[in-house]
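Structural description and commentary
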Amino acid sequence: MERHEPHSCNNAAEGRELRGCKEEELGEICLANDLARFRGSQVFRWVQERAVRTWAEMTNIREADRKLLSAALALQPLELRREQRSQDGTRKYLFGLADGESIECVLMDYERRRARNRQTVCVSTQVGCPVGCAFCATGLGGFRRNLTAGEITGQVLELTRLLRREDEGFQVTNVVFMGMGEPFLNYEAVLKAIEILNSPQGQNIGMRRMTISTSGVVPGIRRLARDNAQVGLAVSLHAGTDVMRDVLVPMNRRYPLAELLGACREYSETSGRRVTFEVALTEKTANKQEASAVAKLLRGMLAHVNLIPVNPVAETGMKRPTEERITEFAGVLTKAGIPVSVREERGTDIEAACGQLRRRYGE
Ligand code: SF4
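Every value quoted in this text rests on a predicted model; they were computed, and no experiment measured them.

Rules behind the numbers
Numbering of residues starts from 1 in each chain and follows the order in which that chain's sequence is written. Residue-level local features of this predicted model are given only where pLDDT is at least 70; pairs of side-chain atoms are given and counted only at 80 or more, and the full residue set underlies all totals for whole chains, interfaces and linings. The side-chain quantities take in all heavy atoms of the structure and omit both hydrogens and water. Secondary structure elements follow DSSP: runs of H or I of four or more residues count as helices, runs of E of two or more count as strands, with numbering from the N terminus. In what follows, residue pairs with any heavy atoms lying within 4.5 Å of each other are defined as contacts. Polar contacts here mean pairs of N or O atoms no more than 3.5 Å apart (in protein, one a potential hydrogen donor and the other a potential acceptor; neighbouring residues in sequence count only if both atoms are side-chain atoms). For Phe, Tyr and Trp, rings pair up if their centres lie within 6.5 Å, where Trp contributes its six-membered ring, and each pair is then called stacked (planes under 30 degrees apart), edge-to-face (over 60) or tilted (otherwise). A fitted line through C-alpha atoms serves as each axis, taken over the contacting stretch for helices, and the angle formed by two N-to-C directions is quoted from 0 to 180°. Angle categories are assigned with fixed cut-offs, so that under 35 degrees is roughly parallel, over 145 is roughly antiparallel, 65 to 115 is roughly perpendicular, and the rest are oblique. Two helices crossing with the near one rotated counterclockwise from the far one by less than a right angle form a left-handed crossing, whereas a clockwise rotation gives a right-handed crossing. Ten residues, namely Ala, Val, Leu, Ile, Met, Phe, Trp, Tyr, Cys and Pro, are considered nonpolar, four, namely Asp, Glu, Lys and Arg, are considered charged, and the remaining ones, Gly among them, are considered polar. In this analysis a 1.4 Å probe is tested at points of a 1 Å grid over the protein atoms alone, and where it fits but cannot get out there is a cavity; an open set with protein on both sides within 12 Å along at least five of seven lines is a pocket; lining residues have an atom within 4 Å of a point. Grid points are joined across faces, edges and corners, and a volume is the space filled by probe spheres set on the points.

1. Describing the environment of Gly27
Summarising the element assignment, Gly27 is placed in helix α1 (residues 23-32). Separated by eleven residues in the primary sequence, Gly27 and Phe38 place their C-alpha atoms 6.5 Å from one another. When neighbours within four sequence positions are excluded, Gly27 is seen to be in contact with Arg37 and Gly40.

2. A short note on the side chain of Glu104
Mapped onto the elements, Glu104 comes out in strand β5 (residues 102-108). Of note is the side chain of Glu104, whose polar atom sits 2.9 Å from the side chain of Lys92.

3. Some words on the packing of aromatic side chains
The description of two aromatic rings rests on the distance between their centres and on the angle between their planes. For the structure shown, the criterion picks out two aromatic pairs. With centroids separated by 5.9 Å and ring planes inclined at 5 degrees, the aromatic side chains of Tyr93 and Phe95 adopt a geometry described as stacked.

4. A few points about the packing of helix α6 (residues 149-164) against helix α7 (residues 187-198)
Direction vectors running N to C along α6 and α7 enclose 45 degrees, while the axes themselves pass 8 Å from each other. The angle between the axes of α6 and α7 places the two elements in the oblique class. Taken as a pair, α6 and α7 cross one another with a handedness that is right-handed. Contacts between α6 and α7 pair Ala149, Ile152, Thr153 and Val156 from the former with Ala189, Val190, Lys192, Ala193, Ile196 and Leu197 from the latter. Grouping the amino acids of the contact of α6 with α7 by side-chain chemistry returns eight nonpolar, one polar and one charged.

5. Section: empty space enclosed by the protein
Scanning the entire structure with this criterion turns up one cavity of 30 Å³ or more. Counted as a void, the largest cavity has a volume near 30 Å³. Lining the largest cavity are Leu26, Ile29, Cys30, Gly40, Val43, Leu69 and Leu73. Breaking the lining of the largest cavity down by element, the ones donating at least two residues are α1 and α2 (37-49). At three residues, the largest contribution of residues to the lining of the largest cavity is made by α1. Partitioned by chemical class, the residues of the lining of the largest cavity number six nonpolar, one polar and no charged.

Structure (structure tokens):
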């Protein structure tokens, strides 16, 4: 396994994190240090486009200027702790943070998507998660802290750097905020990371190619509709009734289905985009009754349902349903006029379900 040197950056600054700064912010910091504004743009390109991990790599910036800036800006690369490669091409990474915490990040289905020029990365937004969904290994470990904008962009940058070693032209094209954590409980950092990743001077990832996946934080959905409705929205629905969803997604007790669907309609109307509703299917939930409840809830909405047969997680004891049950569930939705797809299970051989690798490593 390939390994990065832990924290091989050449500065010990405790200042603002470089990877979480927008280009204009870096320009301001340069001006405040009596440097030309364009130096900020140069630094931004090195960090966000070239994905450098040290100041020394920024070869078109004078050493004296690098020293000055490194006193104000902390460049803290993530430390690669584990990499797992699935037979289906999915790669899962465990990265260490400066304070010793660790997070997961997944490059989805690398080989197949490479052929289609599409590279999707699933990033984390928190260390652990306070939501506690029934089928999720991340929730089992509890919540540690929010990630900073730089730690979020950092996952895309580290992956880009790693993959460019084997494919010079590697470029992340899509980002899903679907890893560890609830993105809307870390709203500012997530939206800032999105803006940075969208910058044409950096990774240049289209707004419409980034998707936030939420467990149903209604104020976050409403805020996204107001602030940046170009960003895609996915909702972990998992059940069509409050009774069932209360159990599977505890966030439902705070924001029940009627409120959640109201906010989703608001987002759809503002953005003109359909909302993706994720429905995890377990042996217990993959039945006609549940399918009808979901169909009733979403009928007439600008929606798409993504059925996800669960990856088995030993700690939750949940099991994958049979193929017949999955087909039957999809059939009920199709009959109700709701577009539906079944997400192929990826990376089961490498514990690709959110939070599994971190738990294993922790143990
Ligand atoms: S599924 Fe997402 S929101 Fe739910 S506990 Fe896991 S990480 Fe948190």
